[in-house]
Amino acid sequence: DLYMESVPVDWISLRDVEDKDLEMLREERNRWSTRSNLEDCRVISQEDQTRWFVGGGARGIKVAECDGAVVGIARIKKGIGVGCYTVGADVFERHRGLGYGSAVFGAACKMAEGLASNCLDLWVFVDNTRAVNVYKKHGFTFEDRKSTRLNSSHVSESRMPSSA
C-alpha cells in the first residue's frame, strides 16, 4: 500500500492560529497542491494574509500538530442551521500520504461535536479523491456527482434530539 494507515486521532492536537504561524500558513496555502483545492486559488501576499488574520479570518481555523510538528489545519466554523458546524482538514504537502488526513479530520469533528453540534457539514471538490475518501471514512456521503463541488452533511446520532 502506497499510503500509511491513519495515525490515531488522539495524537493530533488542535490550537488557535497565532501570529507566529502566519508566514508558514501563507507558504503552505500558496503551494499549488493546496491552492488547486481551494475556491480562491490565487497566490496571496503577506499583506493579504495579515489583513485576513486581523479581520478575524482565522477564527474557524485550528493549527493541527502531532508530536510538536505542525502537520496541517482543521476548519471548524459555525454552519447554517442550529447546532450545525462546517468542518474540514488540510494536511500540508510534506505530510500527505503519511496517515494524517483522517486523524486531523477526526480531531476537527471531535472538536465540533464538543461545541454541542448535532450536525456536521462540509464541501470538497469532486476530483480531490484523497479528501473525499477521508470524509467517507468518517461517515459522510455525497449525492451530487454532477457538480465540481460536493456537499455533505452528517448528523451526529449521539446529539440527535430525542423524540418522546
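Residue numbers run consecutively from 1 along every chain, following the written order of its sequence. Thresholds applied to this predicted model are a pLDDT of at least 70 for local features of residues and 80 or more for the giving and counting of side-chain atom pairs; totals over whole chains, interfaces and linings are not thresholded and use all residues. Hydrogen atoms and water are omitted, and side-chain values are computed over all heavy atoms in the structure.

With that settled, the discussion passes to the packing of helix α4 (residues 100-114) against helix α5 (residues 129-137). Fitted lines through C-alpha atoms give the axes, limited to the stretch in contact for helices. The angle between two N-to-C directions lies from 0 to 180 degrees. Comment: elements are numbered from the N terminus, with helices defined as DSSP H or I runs of at least four residues and strands as E runs of at least two. Two elements in contact, α4 and α5, have axes whose closest approach is 10 Å; the angle formed by their N-to-C orientations is 50 degrees. In terms of their interaxial angle, α4 and α5 are classed as oblique. For the pair α4 and α5, the sense of crossing is right-handed. Contacts from G101, S102 and F105 in α4 reach V134, Y135 and K137 in α5. Its residues assigned to classes, the contact of α4 with α5 comprises 3 nonpolar, 2 polar and 1 charged. Relative orientations are named as follows: roughly parallel for angles under 35 degrees, roughly antiparallel for angles over 145 degrees, roughly perpendicular for angles from 65 to 115 degrees, and oblique for any other angle. Crossing handedness: left-handed means the near helix sits turned counterclockwise from the far one by under a right angle, and right-handed means the same turn made clockwise. By definition, residues are in contact when any of their heavy atoms lie within 4.5 Å. The residue classification treats Ala, Val, Leu, Ile, Met, Phe, Trp, Tyr, Cys and Pro as nonpolar and Asp, Glu, Lys and Arg as charged. All others, Gly included, are polar.

When the charged atoms of two side chains lie near each other, side chains of opposite charge can form a pair. Counted as salt bridges are all cases of a side-chain nitrogen of Lys or Arg within 4 Å of a carboxyl oxygen of Asp or Glu. With the rule as written, the count across this model stands at 13 salt bridges. Close ionic contact of E93 with R31 constitutes a salt bridge, the shortest N to O distance being 3.7 Å. You can see E93 sitting in the loop between β4 (84-91) and α4 and its partner R31 sitting in the loop between α1 (22-30) and α2 (32-35), a full 62 residues away along the chain. Residue classification places E93 among the partly exposed positions, given a relative accessible area of 38%. We classify R31 as partly exposed; its relative accessible area is 31%. Note that D48 is salt-bridged to R51, the shortest N-O span being 2.7 Å. One end of the pair, D48, and the other, R51, are both in helix α3 (residues 46-54), 3 residues apart, so they sit about a helical turn from each other. To sort residues, take the accessible area from a 1.4 Å probe on protein chains only and compare it with the maximum for the residue type: under 20% means buried, over 50% means exposed, and anything in between is partly exposed. Look at R51 and you get exposed, because its relative accessible area is 55%. Each member of the salt-bridge network shares a partner with another, and the members are R15, E18, K20, D21 and E65.

What follows concerns the packing of aromatic side chains. Planes of paired rings set the category: under 30 degrees apart is stacked, over 60 is edge-to-face and the rest tilted, where pairs are Phe, Tyr or Trp rings (Trp by its six-membered ring) whose centres lie within 6.5 Å. Counted according to the given criterion, the structure contains 3 aromatic pairs. When the ring of F105 is compared with that of F140, the centres are 5.6 Å apart and the planes differ by 65 degrees; the resulting orientation is edge-to-face. Taken together, the positions of F105 in helix α4 and F140 in the loop between α5 and β6 (149-155) put the pair 35 residues apart, joining distant regions of the chain. Residue F105 shares its accessibility class with F140, and that shared class is buried. Counting every residue linked through ring pairs, the aromatic cluster contains F105, Y135 and F140. Against the face of Y85 rests K78, its NZ or CZ located 5.2 Å from the ring centre. Look at NZ for Lys and CZ for Arg. If either is within 6 Å of the ring centre and within 35 degrees of the ring normal, a charge sits over the ring.

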